[in-house]
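Structure at a glance
What follows is the residue order along each chain.
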Amino acid sequence: MLPAGQEQKNEKEDARPNTRKTPPCSCDPSSCDGVCRPESLAKPVTVAIIGRPNSGKSHIFTNLTQKYSQSGNYPNTTLKEKRGMFELSGRQYEVIDTPGLQGLFVNSEEELQVRNLLLTQKPDCIVQCADASRLKQSLALTADLMELNIPLILCLNAIDETARQGTWIDSRLLSKTLGIPVLEMVAVRGAGTTELKKTINRACQGKFDLHYGNLIEDAIASICEEFPPDLDFKRKRAILLLRNDPYLHRRMEDQLGKKIMDKVAENVKTARNHYKGNISWQIINRRALWVDELTEKIVKKQKLPLIGKSEKFAKWSRNPVTGAPIMISILLVIFFAVVNVANRLAAFANTWLWLPLENAVNHMLGPGMINEFLIGHYGILTLGVSNAILTVLPILGIFFFLFNMLEDSGYIPNLCVLLRKVSARVGVTGNAILPVTLAFGCKTMATLATRSLRSKKEKFIAVYLIAFGIPCAAQMGLNMSILGGLGLKALAITFSVLGVVWVSVGMTLNKILKNDLKDDFILELPPMRIPPLKPVLRKTFHKLQDFLKEAMPIFISAAVILFIADKTGMLTALKKLLKPVITGFLGFPLEMVDVLVLLMAKHEAAAGMLIKLVNNGRLNYIQTIVAVALTMMFIPCLTNIVAIFKEQGPKKATVMVLSINLTAIIVAGSLNSILLRIL
């Protein structure tokens, strides 16, 4: 709302004739011959895919380039840009997948990264991916992008969802009104990709001439006069400076010099002082009015709202009464699938692949050093290749498939809503809830997602809790496999203990750390849907492929290091040194030292060794529960540690990692003592 008296004044200003010139291109999409586009055929045409979070950008990128970009039915899946190529009619196109962007007035480092791409690299074409079911929010971004005067194509993605909701969007009228190509797409199924490729060369700057009132327009003009003649996007930069953009002034000062930007800052200050009201709100209100008028013109809605089964299920999954049983049921389905399917696949692979290979190596080489190096206890084939491919991979394959189904269904954001009250007790509120929940997929990506949090306290707590006690997808699947042989009781004990400890640690940090800013909990809930099988299978394949690429060298290197340490006596010395803690306080056999060493390299490698210890009867019921709890709390994986140091700095990160490991050992030892007494 504008201040009293200001609304009437601004209405009078807005009624005055609009004297600002129209953008240089106003081509009709149906007749545009590409004259707005660069004519050089020597270099690739750069195409930036821009859109709000969870709008389907990564699906479009994958469809265009055939280069996989991870996607999910929740925000913040993409945290950094990714590039790929495709060719059409002898012309090369470079496509850039970008993090989500709400608008060019940015509020996070990810959004700043996208804006810097647009302002500094100036792509030849922008493909805006708009979620058709959230058209108003997407059109607000369209207004921002059209003010850049970069050739633009608007893709209405997930158009099938709007049809199910009883909404019809007149894409032809929208295209005619904006003066740019507007395409209908269902990117998750690949529908509309061929048309998009054919349309890229017809991208236009469009017809956009939004007038903010004479006072604001005069201020924009006075700021633009201070800029060098060859500076791109003068008008857009001026508008962002008037809105007090938190990043732009400093960046432009580095680019243009302090003298010029001091004059600009003076003009901005003068304009804000002369304007009776909030300039930023006036700009937002004018743009919102433009969006409302355009939406009213192109959208028709069914009067009777449709509430389908997916909407009902989403509502139930957020309700504490029904949401908790749904969450537990999902966990049990995954548990039984891992135990009954994945474990049998692993056993089959061991019987029909590993044992014949082991017998063949024994027959060919006989006993000796080479035999031990290949298939001994620490052999590169035993601990490296077999552990990764035959033991770990089948379990991860089943778990990743089921977890990807959950991700693409839209259940994860609804789970965030369900867990928000518990999260608030441990100091994780507002926008910090989503990164913590995403840790069940990948701890490293979840840690990096905390960089958008304004509260230093919440960011520290979120990063700490992500590293401590939350199993990533790979850990969850493997630990379910380990506990599967012990039954549901073991699963309940392990996860109950981890939950209580996790909440206790969070509440302690919440009380110890000093309060600062608090964010409101604002999360756009995507529509729940049954995910198409093909994208889920493709996502599972790429996750397994990435696992093998990353893990195989680590598995083999860890096997070589343990083999050398064993032969040189270093491993024996280490076991002797750690014996009081391992066999005394924690109650493990000395072989658990091997597991702890592998934890430092890769959690999946440690889990593979742990599975073998359980299968060989080296760990009993209590020891297995304690071992699983310890490995889930102990040393975060190397990539997560790197992310922690990046987000928290060396000092805080060192304290965090050391305290996590110390807490894990104390909790595991205490759990061992308690279980020995009650079981």
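Bear in mind that the values here come from a model prediction, so they are computed numbers and not experimental data.

For Lys-122, which is not glycine, the phi dihedral falls at a positive 45°. Assignment of secondary structure puts Lys-122 in the loop between α3 (109–121) and β4 (125–131). With a phi close to 60°, Asn-149 is a non-glycine residue in the positive phi region. Look at Asn-149 and you get partly exposed, because its relative accessible area is 27%.

On the surface, Ile-328, Leu-332, Phe-336 and Leu-488 cluster together to form a nonpolar patch covering roughly 320 Å² of accessible area. At 3 residues, the largest contribution of residues to the nonpolar patch is made by helix α14 (residues 320–365). Relative to the helices and strands, Phe-336 resides in helix α14. Of the residues examined, Phe-336 reaches a relative accessible area of 38% and is grouped as partly exposed.

With that settled, consider the pairing of strand β5 (residues 152–157). Taking burial as the measure, the 6 residues of β5 include 6 buried ones, the bulk of the element. Side-chain alternation along β5 places Leu-152, Leu-154 and Leu-156 on one buried face and Ile-153, Cys-155 and Asn-157 on a second face that is also buried. Sheet topology note: the β4/β5 ladder contains 6 bridges and is parallel. Among the inter-strand pairings, Gln-128 is bridged to a residue of β5, identified as Leu-154. Regarding topology, helix α4 (residues 135–146) serves as the crossover connection from β4 to the parallel β5, and that connection is right-handed. Pairing of β5 with strand β7 (residues 182–184), which is carried by 3 bridges, proceeds in the parallel orientation. Following the sheet pairing, Leu-156 is matched in β7 by Glu-184.

Within this structure's numbering, the places UniProt gives as "transmembrane region" (unreviewed entry) are residues 326–355, 375–403, 460–478, 490–509, 547–565, 577–600, 621–645 and 657–676. Between the end C-alpha atoms of residues 547–565 the distance is 26 Å, and the span holds 100% helix and 0% strand. Across residues 577–600 one finds 75% helix and 0% strand; the C-alpha atoms that close the span lie 18 Å apart.

Strand β1 (residues 45–51) sits mainly inside the fold: 7 of its 7 residues count as buried. A two-sided burial pattern is seen for β1, the buried positions comprising Val-45, Val-47, Ile-49 and Gly-51 on one face and Thr-46, Ala-48 and Ile-50 on the other. Two elements, β1 and strand β3 (residues 91–97), share 5 bridges in a ladder whose sense is parallel. Along β3, the bridge assignment pairs Ile-49 with Asp-97. Both β1 and β4 contribute to a ladder of 5 bridges, which runs parallel. Paired with Ile-50 across the bridge in β4 is Gln-128.

Moving on, we get to the confidence of the model for the protein. Averaged over every residue, the pLDDT of the protein is 85; residues scoring 70 or more account for 91%. Every residue in residues 1–40 scores below 50 in pLDDT, and together they form 68 contacts with partners more than four places removed in sequence or on other chains.

Per the counting criterion, the structure on display carries 9 aromatic pairs. Here the aromatic rings of Phe-335 and Phe-336 are separated by 5.4 Å at their centres, their planes lie at 70°, and the arrangement is edge-to-face. Considering the side-chain rings of Tyr-464 and Phe-468, the 6.3 Å spacing of their centres and the 50° angle between planes classify their relative orientation as tilted. With respect to class, Tyr-464 is no different from Phe-468; both count as buried. Connected via pairs of aromatic rings, a cluster forms that spans Phe-460, Tyr-464 and Phe-468.

A few words on the nonpolar core. Within the largest apolar cluster, 118 residues are counted, with the highest numbers of intra-cluster contacts made by Phe-399 and Met-592. Of all the elements, helix α16 (residues 380–409) adds the most residues to this core, at 13 residues. Of all hydrophobic cores here, the second largest spans 65 residues; its members include Leu-154, Ile-169, Ala-238 and Leu-256.

Our focus in this paragraph is the sheet that holds β5. Overall, mixed pairing links the 6 strands, which are arranged β2-β3-β1-β4-β5-β7 in an open sheet. Each edge of the open sheet carries a strand with a single partner, namely β2 (82–88) and β7. Strand after strand, the sheet turns through a mean of 25° between neighbouring axes, direction not considered. The sheet strands contacting α4 are β1, β4 and β5, and the helix crosses β4 at an angle near 165°.

We now examine the pattern of salt bridges. Opposite charge on two side chains permits pairing when their charged atoms draw close. Tallying each qualifying case throughout the model produces 21 salt bridges. Between Arg-287 and Asp-144 there is a salt bridge, and its shortest N-O distance comes to 2.8 Å. A residue pair is termed long-range when its members are at least 10 positions apart, and Arg-287 in helix α12 (residues 279–298) and Asp-144 in helix α4 qualify at 143 residues. Residue class for Arg-287 comes out buried when judged on its relative accessible area of 8%. Between Arg-529 and Glu-161 there is a salt bridge, with the nearest N and O atoms lying 3.7 Å from each other. With Arg-529 in the loop between α22 (488–512) and α23 (533–568) and Glu-161 in helix α5 (residues 159–164), this residue pair connects regions lying 368 residues apart in the sequence. The network of salt bridges with common partners includes Asp-144, Glu-147, Lys-236 and Arg-287.

The rules behind the values
Each chain has its residues counted from 1, running along the sequence as written. Since the coordinates come from a predicted model, pLDDT governs what is reported: local features require at least 70, and pairs of side-chain atoms require 80 or more to be given and counted, while whole-chain, interface and lining totals use all residues. Side-chain measures here rest on the full set of heavy atoms in the structure, leaving out hydrogens and waters. A run of DSSP states H or I qualifies as a helix once it reaches four residues; a run of E qualifies as a strand once it reaches two. Both are numbered from the N-terminal end. We call a residue buried when its accessible area falls under 20% of the maximum for its residue type, exposed when it is over 50%, and partly exposed in between, using a 1.4 Å probe and counting protein chains only. A patch consists of residues exposed above 30% relative accessible area that lack any salt bridge, with like charges linked at up to 9 Å and nonpolar side chains (Val, Leu, Ile, Met, Phe, Trp, Tyr) linked at up to 5 Å. The protein chains shown are the only cover counted for residues, whose accessible areas, like all others here, come from Shrake-Rupley with a 1.4 Å probe. Take a side-chain nitrogen of Lys or Arg and a carboxyl oxygen of Asp or Glu: if they are within 4 Å of each other, that pair is a salt bridge. One requirement defines pairing of two strands: DSSP has to find at least two bridges between them. Here, the term right-handed applies to a crossover whose path from the first strand over the helix to the second runs clockwise when the strands point away from the viewer. UniProt positions are given in the numbering used here, feature names are shortened, and annotations may be inferred rather than shown by experiment. pLDDT measures how confident the predictor is about each residue, on a scale from 0 to 100. By the convention used here, residues are in contact when the closest approach between their heavy atoms is within 4.5 Å. Any pair of Phe, Tyr and Trp rings, taking the six-membered ring for Trp, is counted once the centres come within 6.5 Å. Such a pair is stacked with planes under 30 degrees apart, edge-to-face with planes over 60 apart, and tilted for the rest. The set of buried Ala, Val, Leu, Ile, Met, Phe, Trp, Tyr and Cys residues whose side-chain atoms join them within 4.5 Å is what this entry labels a nonpolar core. Helix axes are fitted only over the stretch in contact, all axes being lines through C-alpha atoms; the angle between N-to-C directions runs from 0 to 180 degrees.

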